[in-house]
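Working through the structure, step by step
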Amino acid sequence: MRLGVLDIGSNTGHLLVVDAHGGAAPLPASSHKQPLRLAEHLDDEGAVTPKGIEALTDFCASATRIAEDKGCEEMLGFATSAVRDAVNSYEVLAHVAEHSGVTLEVLSGEDEARLTFLAVRRWFGWSAGRLAVFDIGGGSLEIAGGTDEAPDVAWSLPLGAARMARAWFGGGTPSEEAVRDLRRQVRADIARDAGHLLRPGAPDRAAATSKTFRSLARICGAAPSGDGPLVPRALELETLSAWIPKLMAMSPEELADLPGVSPSRTHQIVPGALVAEACMDIFELSELEICPWALREGVILERLDQISVVTRQR
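Residues numbered from 1 in each chain as written. Predicted model: local features only at pLDDT ≥ 70, side-chain atom pairs only at ≥ 80, totals over all residues. Heavy atoms only, no water.

**Quick notes on the domain arrangement of the chain**
As assigned here, the chain comprises domain 1 (2-106) and domain 2 (120-297). The straight-line distance from the C-alpha centre of domain 1 to that of domain 2 is 23 Å. Contacts between the two partners involve 19 residues from domain 1 and, on the opposite side, 16 residues from domain 2. Buried surface at the junction of domain 1 and domain 2, summed over both partners, amounts to about 1,400 Å²; 50% is from carbon and sulfur atoms. For the pair domain 1 and domain 2, the interface holds two salt bridges. When contributions to the side of domain 1 that touches domain 2 are tallied by element, the ones reaching two or more residues are β1 (2-8), β2 (12-19) and α2 (81-85). Among the residues making up the side of domain 1 that touches domain 2, the classes are represented as seven nonpolar, six polar and six charged. (Domains from an automatic or database assignment. Contact = heavy atoms within 4.5 Å. Buried area = accessible area lost by both parts, 1.4 Å probe. Salt bridge = Lys/Arg side-chain N within 4 Å of Asp/Glu carboxyl O. Helix = DSSP H or I, 4+ residues; strand = E, 2+ residues; numbered from the N terminus. Nonpolar A, V, L, I, M, F, W, Y, C, P; charged D, E, K, R; others polar.)

Pasting the structure below:
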């Protein structure tokens, strides 16, 4: 069947059209995305601004038309931390539904971590053993770990790259003291619940997903996306730590010239790098393997599993 997956993230709205059926990897057929930057379209009270709501609604309407044109039988729409945490979340969802016809499911942070873990588990398979997964989004950081397809532990922290950029870098380049404060706060937040993942022992395999991790890995020497998803990629802690002072000294134009960095996300590179480094340090991981599958694929895989169960019961 052909499915449309509408992912409303804190940075980007992304419609992924896939050909999928049980027992096979989802095959991308079409992709449509737009930088919405909802995490940065928040007023001082934490509400999505009218401009942000209109941009989201217009994108959902265009995604519906594209999904219909591509022959999708079903569209799965979901939103993550930017909508989840907005104080006017209900109003945002109601406006989108009324003016675009799209009903968005708001995923909890735990569900976001759980579904991302499912996708990474399916990508690496059972040979990965006990698996740890990290995902830096625009609004939140998801962490999950376990030995099965459902993680034993899964949680979310408000440490997304866009959120950090807005809160700490909104006035331009912060001072060294401000960066130290940010680094200390990020590490304290991650370490607070680190025991959930560390208690059973070190993972057999540790992986990362998301644009932030992919960009950092590319900066640190990983293969470009044009080489295909099957090429192994990793982010090494030692290399990342050596790059962070260089990244902090670069102008937005210089950051945009780096491989794998989108011009619209240059301001998120340093806060994202600080969060990534903290994850690797606190969980004592010398490197993270980059997984091309993430939340969208997890949503697709769970839906296919549900369809397979219903089919078998008939």
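**A short note on the pattern of salt bridges**
When charged atoms on two side chains of opposite charge get close, those side chains can pair. If you walk through the whole model with that rule in mind, you get 16 salt bridges. Of the charged contacts in the structure, one is a salt bridge between aspartate 181 and arginine 184, with a shortest N-O distance of 2.4 Å. Remark: arginine 184 and aspartate 181 occur in helix α6 (residues 176-192); sequence separation between them is three residues, near one turn of the helix. Look at aspartate 181 and you get partly exposed, because its relative accessible area is 28%. Its relative accessible area of 54% is what places arginine 184 among the exposed residues. Because the salt bridges share partners, they merge into one network encompassing Arg84, Asp85, Glu112 and Arg163. (Buried < 20%, exposed > 50% of the residue type's maximum accessible area, 1.4 Å probe, protein only.)

**Side note on empty space enclosed by the protein**
For the structure shown, the criterion picks out one cavity of 30 Å³ or more. Approximately 70 Å³ is the volume found for the largest cavity. If you go around the largest cavity, the residues you meet are Lys211, Thr212, Ser215, Val261, Ser262, Arg265, Gln268, Ile269 and Gly272. Of all the elements in the fold, those that place two or more residues in the lining of the largest cavity are α8 (211-219) and α11 (266-282). (1 Å grid on protein atoms, 1.4 Å probe; cavity = no way out; pocket = protein on both sides within 12 Å on 5 of 7 lines; lining within 4 Å. Points joined across faces, edges and corners; volume = space filled by probe spheres on them.)

**So, the pairing of strand β11 (residues 287-290)**
Burial along β11 is one-sided: the residues Leu288 and Ile290 are buried and none of Glu287 and Glu289 is. Two elements, strand β9 (residues 205-209) and β11, share two bridges in a ladder whose sense is parallel. When the bridges of β11 are listed, alanine 208 appears paired with isoleucine 290. Where strand β10 (residues 234-236) lies against β11, three bridges are found, and the strand directions are antiparallel. Residue pairing across strands places glutamate 236 opposite glutamate 287, the latter belonging to β11. (Pairing = 2+ DSSP bridges.)

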